[in-house]
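Next come the chains, spelled out residue by residue.
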Amino acid sequence: MTHHIKIPKGWELPEHELTPESIFMNRREVLQAMGWLGAFSASMLFGCAPGSAEVTNAHPEKNLTPLEKKLYPATRVTRFKMDRRITEEAVAASYNNYYEFSEVKEDVDHHAQKLKTRPWQVEVTGLVENPKTYDLDDLLKQFSLEERFYRHRCVEAWAMAVPWTGFPLKSLLDDVKPLSKAKYVRLVSFHEPFTAQGQIAFWQPWPYSEALTVKEAMNELTILATGVYGHPLPKQHGAPVRLVVPWKYGFKSIKAIQRIELVDYKPKTFWNTLQPQEYGFTANVDPGVPHPRWPQTKEEMIGTKEIRLTQLYNGYSDFVADLYA
Ligand code: MTE
């Protein structure tokens with residue numbers, strides 16, 4: 001029988017009980033020490049060396065590489081305030097939109113495990129000075145990861161509050177140096193119809209793609225997330241790397257990104273191509289603009305079913321309102 005010491009995670013506490021950043025930084029060291037303790041006691045019991053377990057491609061959130069063990073959990077940035085309880089991890093991980101795998105949110109988790117997320121590369125190309133292809137580990141090593149608590153508002157009127165781990169998209173763009181004629185950033189996901197059953201629908205504009213203006217992409221809120229809840233992204237959340245733009249409806253936050261292209265035209269995007277009258281290109285959260293089939297004034301938190309009033313730009317006006325002035 002083993003003993004479990006439960007250290008509450010940052011997101012299990014209401015905002016006013018959250019630890020100051022200095023203590024939060026120690027969380028990593030504490031967890032690392034616990035990891036060693038656990039491995040040590042396991043090796044005493046079973047006579048196997050710590051760290052001998054094979055790292056597999058399945059469940060990246062559970063099978064961390066040595067590099068990931070060093071990086072997660074990342075230090076939390078407290079600049080982005082949270083006004084509600086963080087959604088339970090198990091709830092967020094079992095209610096997902098990922099049309100490549102299923103149209104049934106509760107089934108995505110199961111089907112998404114088929115995607116091979118290692119090795120993984122992200123190509124950054126188009127109107128840039130230094131086009132570059134990054135291996136996932138290059139991204140993790142080159143750009144410093146931080147944790148941010150963000151609200152997420154789906155266009156379907158459900159919402160969640162999530163601790164993402166990632167880095168600003170701006171850092172990546174600064175590295176490749178966009179040319180001044182670049183106006184939009186186009187992000188493209190994978191295309192593997194033999195893996196992702198949803199992509200058998202050849203009449204849909206696969207691969208899933210999304211786009212932002214260069215200014216939106218450079219905004220400090222815009223991140224590429226590689227983790228959530230203090231560990232690497234599980235596949236249903238978009239492993240190994242996804243976009244997070246919290247002031248826009250969730251469909252803009254594209255999962256499993258393989259290519260980022262800087263272009264001088266307004267790109268076609270997945271939902272906007274399929275149903276332009278329902279899913280706009282800009283798609284900023286706005287309670288004043290109803291979806292053609294339902295109002296957008298309220299949202300339901302998944303898990304707790306709490307109803308909240310939807311805020312303009314999902315409550316991020318201070319960061320983004322000037323983009324649309
Ligand atoms: N990315 C891809 N590649 N495919 C998708 O179907 N769905 C989007 C977005 N990113 C989607 C995607 C939608 S509609 C939402 S609301 C969010 O992912 C959901 O993210 P979550 O499952 O991590 O909560």
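Provided above is the structure to which this section pertains.
These numbers come from a predicted model, not from an experiment.

Student: Help me understand the overall build of the protein chain, please; the structure alone is not making it clear to me.
Tutor: When helices and strands are counted, the protein chain shows nine helices and 12 strands. By residue count, 49% of the 325 residues in the protein chain fall in the buried class. Put simply, of all contacts in the protein chain between residues at least 6 apart along the chain, 72% involve residues at least 24 apart. Working note: accessible area of the protein chain is about 15800 Å², and carbon and sulfur atoms make up 57% of it.

Student: Looking at this structure, how should I read the environment of Thr-310?
Tutor: For Thr-310, the position within the fold is in the loop between strand 12 (307–309) and helix 9 (317–320). Separated by 14 residues in sequence, Thr-310 and Gln-296 place their C-alpha atoms 7.1 Å apart. Discounting residues that sit within four places of it in the chain, Thr-310 has contacts with Arg-153, Val-285, Pro-287, Gln-296, Thr-297, Lys-298 and Glu-299. A distance of 2.6 Å separates a polar atom in the side chain of Thr-310 from a polar atom in the side chain of Glu-299.

Student: Even after reading the chapter, I still don't get the site of the ligand, so can you show me in this structure?
Tutor: Near the ligand there are 19 residues, and of these Tyr-99, Glu-100, His-237, Arg-242 and Lys-255 occur at the shortest range. His-237 is positioned such that a nitrogen or oxygen atom in its side chain is 2.7 Å from an oxygen atom of the ligand. Note that a nitrogen atom of the ligand is positioned 2.9 Å from one of the backbone N or O atoms of Ser-253. Here the ligand has 530 Å² of accessible area as a free molecule, and 99% of this is covered by the chains. One can see that the ligand is located within the second largest pocket. In terms of residue class, the shell around the ligand is made up of eight nonpolar, eight polar and three charged.

Student: Looking at this structure, I do not really get the layout of surface pockets. What am I missing?
Tutor: Think of a ball as big as a water molecule: rolled over the atoms, this probe shows where empty space is left. There is about 460 Å³ of room inside the second largest pocket. Along the walls of the second largest pocket sit 26 residues, with Asn-97, Tyr-99, Cys-154, Phe-251 and Trp-271 positioned nearest its centre. For the lining of the second largest pocket, the residue count by class is 13 nonpolar, eight polar and five charged.

Analysis parameters
Residues numbered from 1 in each chain as written. Predicted model: local features only at pLDDT ≥ 70, side-chain atom pairs only at ≥ 80, totals over all residues. Heavy atoms only, no water. Helix = DSSP H or I, 4+ residues; strand = E, 2+ residues; numbered from the N terminus. Buried < 20%, exposed > 50% of the residue type's maximum accessible area, 1.4 Å probe, protein only. Contact = heavy atoms within 4.5 Å. Areas by Shrake-Rupley, 256 points an atom, 1.4 Å probe, with all protein chains shown as cover. Polar contact = N/O pair within 3.5 Å; in protein donor to acceptor, adjacent residues only side chain to side chain. Near = heavy atom within 4 Å. 1 Å grid on protein atoms, 1.4 Å probe; cavity = no way out; pocket = protein on both sides within 12 Å on 5 of 7 lines; lining within 4 Å. Sits in = over half its atoms within 2 Å of the grid points. Nonpolar A, V, L, I, M, F, W, Y, C, P; charged D, E, K, R; others polar. Points joined across faces, edges and corners; volume = space filled by probe spheres on them.

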